[in-house]
Amino acid sequence: MIPLRAKLTLVYSILFLASVAAVEVATYWGVSAALDTLLENELIARRAVVEEYVQNHVRRLEWPALAAALANHRGFQPDWIGIESSEGHVLFAGAALRNARANPAITPSRVLREFRRIDGQDYVFFTGMDANIPAAILERIRWIMLFSAPLLLLSASAIGYWIAGRALKPVQQIANAAASIDSRNLATRLTVPASRDELQRLAETINHMLDRIETGFRQISQFTANASHELRTPVAIIRSTAEVALLHPGPADSPERNALRRILRQSERNSQLLEDMLHLARLDAAAAPNHQPVDLARSLRAAASSVLPLAQKQNITVNIVTPPNPVIVLADDAHLRRLWTILLDNAFKYTPAGGSVRIAVDMDHEVSIQDTGCGIAPEDLPHVFDRFYRADKSRGAGPAGFGLGLALARQITRSHKATIEITSRLSQGADVRIRFPKNNGIPHETAVSANSQVNHIALK
Ligand code: ATP
Ligand code: MG
């Protein structure tokens, strides 16, 4: 991408160079024409004097004698005079003129050739002069122009670049501000410059557009929250009805009981989906979060204990590594537990029997959950946080989920200003890391303990 500032400067510099070149060529041409006219007028005047002399003497003197008289005349410069008959016979030729006409390239000179009729006879008059000074003047002008053009161009480009930068700075500011607005801070608006120009209009237009986007976004979140909320009760009724129906005595393997079990399974899945959607919609529309000091290790252990049966069922070894001192962050504990459950559920779900999962908290407010499972392909990795994205749908690994777990996990970490990162390679397990901001409101001494002794708990 070529920045607009550079483009503007380039166009401006090209136009400037073209104008400077045009002005310089015109100036050079004008000076050179003026000098030539000066020389020509001088030569015409000299020729007039010589012509008058010839006119006065041509009747009385033969040409050789007249030529000798001309050569010795001190009133004009005979060296630079030449006269030929109309047939081309040289009647008189001064030495300098002869030289100049013989070597026009070596001697800078100006020679004027004129036809004159004297006493019924046609002559060609040559009048010349040394043109060293005008040539030197023109040479100097050429050098001045040659050196001044790049200097002018350079300084004009620098000034142009600076002006373009100044003019575009507000655009850059608007672009930066607009780029920092996303679904988490949709209520933010651009500062409108009171410049009464296109920039003010641009900022106002973007703000109006943000108003509309925010309204739309809120409506969608509200709709999802309402719909999930409204659907929770009927699904719960279906579920409990199936459960109650299954309590009735009867043959264990009858088609009716199998159908009821399927209804129960599907309604359980549906209520999980509705919970996730409701949770996501609430996080999307969340106002100011209500965060309390939470010990990361404690919160992780509590969540782990609720999903451990899943690991035990699969014969997965679980290691929990935590420092002996609390690692305190400001957080919503219920949300954090949900986050750990989502990540542990994935780790257990995508790790085959006999594998292992390592859960670690460190003093830098970092939590890592590493598994030895099937891993994630590079092409799936950028999408796993998208809503309803399931990488394994094509390879059929693990029990079917909805693809909402990591989307929720990302929203939860965002609402805590934390980051979540997954490093994974296909068949080489996954490493999920959550980093909480270094000092998220907790005094440093409480948040970080110097004692880094670790605690290993192995569960099987
Ligand atoms: P849900 O969590 O909604 O029940 P899900 O587990 O399929 O469904 P996510 O938790 O969002 O959805 O994960 C998205 C996808 O990322 C998963 O389908 C899976 O392919 C992949 N994935 C996530 N965690 C792991 C992991 N630890 N190992 C391998 N693949 C993973
Ligand atoms: Mg999941």
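Values in this document were obtained by computation on a predicted structure and should not be read as measured data.

**Student:** How should I be thinking about the packing of helix 1 (residues 4-57) against helix 2 (residues 63-72) in this particular structure?
**Tutor:** To describe two helices that pack against each other, one gives the angle between their axes and the distance between the axes. Interaxial distance between helix 1 and helix 2 falls to 11 Å at its minimum, and their mutual angle equals 140 degrees. Considered as vectors, helix 1 and helix 2 are oriented oblique to each other. Crossing geometry of helix 1 relative to helix 2 is assigned as right-handed. For the pair helix 1 and helix 2, contact is made by V50, Y53, V54 and H57 and by W63, L66, A69 and L70, respectively. Its residues placed into classes, the contact of helix 1 with helix 2 shows 7 nonpolar, 1 polar and no charged.

**Student:** In this structure, what is going on with the packing of helix 6 (residues 255-284) against helix 9 (residues 405-415)? I would like to understand it.
**Tutor:** Viewed as axis vectors pointing N to C, helix 6 and helix 9 meet at an angle of 30 degrees, and their least axial separation amounts to 10 Å. In terms of orientation, helix 6 and helix 9 fall into the roughly parallel class. By crossing handedness, the relation of helix 6 to helix 9 is classed as left-handed. Of helix 9, the residues touching helix 6 (which contributes D276, H279, L280, L283 and D284) are A407, L408, Q411, I412 and S415. Grouping the amino acids of the contact of helix 6 with helix 9 by side-chain chemistry returns 5 nonpolar, 3 polar and 2 charged.

**Student:** Help me understand the sheet that holds strand 1 (residues 81-85), please; the structure alone is not making it clear to me.
**Tutor:** The strands making up a sheet associate through backbone hydrogen bonding, with each pair oriented either parallel or antiparallel. Strands sit in the order 2-1-4-3 across an open sheet of 4 strands; the sheet is antiparallel. Looking along the sheet, the strands with just one partner apiece sit at the ends: strand 2 (90-93) and strand 3 (109-118). Averaged over all pairs of adjacent strands, the angle between their axes in this sheet comes to 15 degrees, without regard to strand direction. Sheet analysis places strand 1 next to strand 4 (residues 121-130), joined by 5 bridges and oriented antiparallel. Each bridged residue has a counterpart across the sheet, and for I83 the counterpart in strand 4 is F125. Packing against the sheet, helix 1 makes contact with strand 1, strand 3 and strand 4, and its axis sits at approximately 40 degrees to strand 3.

**Student:** Sorry if this is basic, but what is going on with the confidence of the model for the chain here?
**Tutor:** The predicted coordinates should not be examined in detail at positions where pLDDT is low. Confidence along the chain averages 88 in pLDDT terms, with 93% of residues attaining 70 or more. In this model, residues 443-460 is a region of pLDDT below 50 whose contacts with residues beyond four sequence positions or in other chains number 39 contacts.

Calculation notes
- Residues numbered from 1 in each chain as written.
- Chains lettered and ligands numbered in written order.
- Predicted model: local features only at pLDDT ≥ 70, side-chain atom pairs only at ≥ 80, totals over all residues.
- Heavy atoms only, no water.
- Axes fitted to C-alpha atoms, helices over the stretch in contact; angles between N-to-C directions.
- Helix = DSSP H or I, 4+ residues; strand = E, 2+ residues; numbered from the N terminus.
- Parallel < 35°, antiparallel > 145°, perpendicular 65-115°, else oblique.
- Left-handed = near helix turned anticlockwise from the far one by under 90°.
- Contact = heavy atoms within 4.5 Å.
- Nonpolar A, V, L, I, M, F, W, Y, C, P; charged D, E, K, R; others polar.
- Pairing = 2+ DSSP bridges.
- pLDDT = per-residue confidence, 0-100.

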